[in-house]
Number of protein chains: 2
Amino acid sequence: MDNNTSRIRGRPKHDTSREPVQDVLLRTAARLFMEKGYEQVSLDHIARACNVSKPSIYYHFANKPELFKASVIALLNMVNTKTAHLLDEAGDLESGLLNVAETRLANPHPEFEMIMKEAANYLSPDQLELIRAAEQQIYHLLASRFKLAMEQGEFRTNDPMLLAQTFSTMLLLGNRHDTRQQFASPSDLGKQIVDLFLHGASFAN
Amino acid sequence: MDNNTSRIRGRPKHDTSREPVQDVLLRTAARLFMEKGYEQVSLDHIARACNVSKPSIYYHFANKPELFKASVIALLNMVNTKTAHLLDEAGDLESGLLNVAETRLANPHPEFEMIMKEAANYLSPDQLELIRAAEQQIYHLLASRFKLAMEQGEFRTNDPMLLAQTFSTMLLLGNRHDTRQQFASPSDLGKQIVDLFLHGASFAN
C-alpha cells in the first residue's frame, strides 16, 4: 500500500509519520468508535485525534459510515489474525484460550452488539453485512478449534459456534467494574473464565 | 403510595389510569433508558410515552438524573424480587436457573455496563452508588444460592460472586443477533446456557 503518497501537501504531518495516513485513520477511528459508540464520535473528532485535516479524511473515505465500516473491519481482521496467532503459539487449547482471554481482558471494550445496534441506524445493509462477515471469521476460527476438540474427545458434543459465542461473551466480564475489582490482573480473571468455560460451576458432568 | 392524588388537574389522564403516575413514569423511563441509553432519552420523550406533560414529570422528579436513578433502581428491585421468586418456585437450583435464563432471554436488553458508563457522566457519585447497591442485591441473591450449592457439594469451590456475575454475563448471549438466530426460542437458548454454566465445554472436570 502506498498511501503515504496521498498526504495533502502543505498540511501538517500526522504524529506517527512513518505509518500511512489511511492506517492511522483506520486505527484511530476504530479505537474511538469502540470507546464511545457511533454517534458520539465525529469526523472532526477523528481528524483532531490523528492530527490531520477533515479534508484528508474525505480524501480516503467518502463519509462517516464508510470510515466506520472500514475501521471496524480492519479492527476485526486484526483481532482475527491476533487470535489465530495466540491459539497457534500455545501448546494446547486451554493455554491458547488463556492467551486469548488475557489479551482481550487487558483491552476491555463495550459490548460490540450495542455499538452495532447504534451504527445500524446509519449504515447501509451492505456495509453492515461486510462488518458481520469480518466478525464471523473470529467465531469461525474459535469454533473450528472447538470442533477439533470434540472430534478428539476433549470437548463434549455441542454446537461449536455457540461455544465460540459463549466464550467471547464470558470475556465481557472484563467490562464489569465489580468483577475487575475482584482480580489483581486480567490474567487472574482470564484463568477463572477459562476454567469456568471448560469445566463449569458444577461437580457432575 | 397515594400518588394518584398528585395528578395535575386539567391535564389529560395517562393511559393506564389505575396505576399511579409515578409508577408509570418509573416503569416507562426504565424501559426507554434500557432500550436507548441515557443520552438518547429526553424528558419530553418520556412524557410523550407516558401521555403526561413535562411539568408532571418535574412534580415527581427533580431532574433527568434523579428520574434515571429512581427508575433504574425500581427496575433492579423488580428484577431482584422476580429472580428470587423464579429460584424459589423451582424444585432445584438447575430448574431455578433455567427459569431465570428463560425470563431474561425473553426480555433482552443492552449491556447494563454500557448504559451506566454513559450515565456516569451526568449522575452524582451518590446516585451512582445507590444504583450499584440495587444491582449488587441481585448478584448477592444468586451468589447465596451458589454458596449453598458449594456447601452441599453440588458445586466446585469457587468465588460465589464471580459465578453470579458469570451467569448474568452469559445471558448477554441473548443480545447477539447471530446467537438468537440459532435457537427457536429463548427457552432453547436458556437450556444451552445453563448446561454450559453448570458443566462447561470440556469432558474432564
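Residues numbered from 1 in each chain as written. Chains lettered and ligands numbered in written order. Predicted model: local features only at pLDDT ≥ 70, side-chain atom pairs only at ≥ 80, totals over all residues. Heavy atoms only, no water.

As annotated in an unreviewed UniProt entry, chain A carries the name AcrR family transcriptional regulator and comes from Paenibacillus phyllosphaerae.

Caption draft 1: Geometry of the relation of the copies chain B and chain A. It takes a turn of 180° to lay chain B on chain A, together with a shift of 0.0 Å along the axis; the resulting RMSD is 0.0 Å. One copy is carried onto the other by what is essentially a two-fold rotation axis. Nearest to the rotation axis, the C-alpha of Gly200(B) is located 1.9 Å from it, this being the minimum over chain B. Of all interface residues in chain B, 100% are interface residues in chain A too; the two copies therefore contact each other through one and the same surface. (Least-squares fit on C-alpha atoms with pLDDT ≥ 70 in both. Contact = heavy atoms within 4.5 Å.)

Caption draft 2: Region of the structure containing the packing of helix α4 (residues 64-88) of chain A against helix α5 (residues 93-106) of chain A. Residues and elements named next belong to chain A. Viewed as axis vectors pointing N to C, α4 and α5 meet at an angle of 140°, and their least axial separation amounts to 8 Å. One element, α4, and the other, α5, form an angle in the oblique class. As α4 packs across α5, the resulting crossing turns out to be right-handed. Contact residues: α4 offers Val79, Lys82, Thr83, Leu86 and Leu87, while α5 offers Leu93, Gly96, Leu97, Asn99, Val100, Thr103 and Arg104. (Axes fitted to C-alpha atoms, helices over the stretch in contact; angles between N-to-C directions. Helix = DSSP H or I, 4+ residues; strand = E, 2+ residues; numbered from the N terminus. Parallel < 35°, antiparallel > 145°, perpendicular 65-115°, else oblique. Left-handed = near helix turned anticlockwise from the far one by under 90°.)

Caption draft 3: Examining the packing of helix α4 (residues 64-88) of chain B against helix α7 (residues 125-151) of chain B more closely. Residue and element names in this part refer to chain B. Between α4 and α7, the least distance of the axes is 9 Å, while the angle of their chain directions is 10°. Regarding the angle of α4 to α7, the classification is roughly parallel. Split by residue class, the contact of α4 with α7 holds 14 nonpolar, five polar and five charged. (Nonpolar A, V, L, I, M, F, W, Y, C, P; charged D, E, K, R; others polar.)

Caption draft 4: Structural detail: the UniProt feature "DNA-binding region" (unreviewed entry) in chain A. Under the local residue numbering, the UniProt record ascribes the feature "DNA-binding region" (unreviewed entry) to residues 42-61 of chain A. In residues 42-61 of chain A, helix accounts for 75% and strand for 0%; the two terminal C-alpha atoms are 14 Å from one another. (UniProt positions renumbered as here; feature names shortened; annotations may be inferred.)

Caption draft 5: Representation of the pattern of salt bridges within the structure. Using the criterion set out here, one finds 20 salt bridges over all chains in the structure. Note that Lys69(A) and Glu66(A) form a salt bridge whose closest N and O atoms lie 3.2 Å from each other. Taken as a pair, Lys69(A) and Glu66(A) lie in helix α4 at a separation of three residues, close to a single helical turn. According to the relative accessible area criterion, Glu66(A) is partly exposed, its value standing at 24%. In this structure, Asp88(B) engages Arg145(B) in a salt bridge whose closest nitrogen and oxygen atoms are separated by 3.0 Å. Of this pair, Asp88(B) sits in helix α4 while Arg145(B) is found in helix α7, placing the two residues 57 residues apart along the sequence. Given the relative accessible area of 52%, Asp88(B) is considered exposed. Salt bridges sharing partners connect three or more residues here, namely Arg132(A), Glu135(A), Arg176(B) and Asp178(B). (Salt bridge = Lys/Arg side-chain N within 4 Å of Asp/Glu carboxyl O. Buried < 20%, exposed > 50% of the residue type's maximum accessible area, 1.4 Å probe, protein only.)

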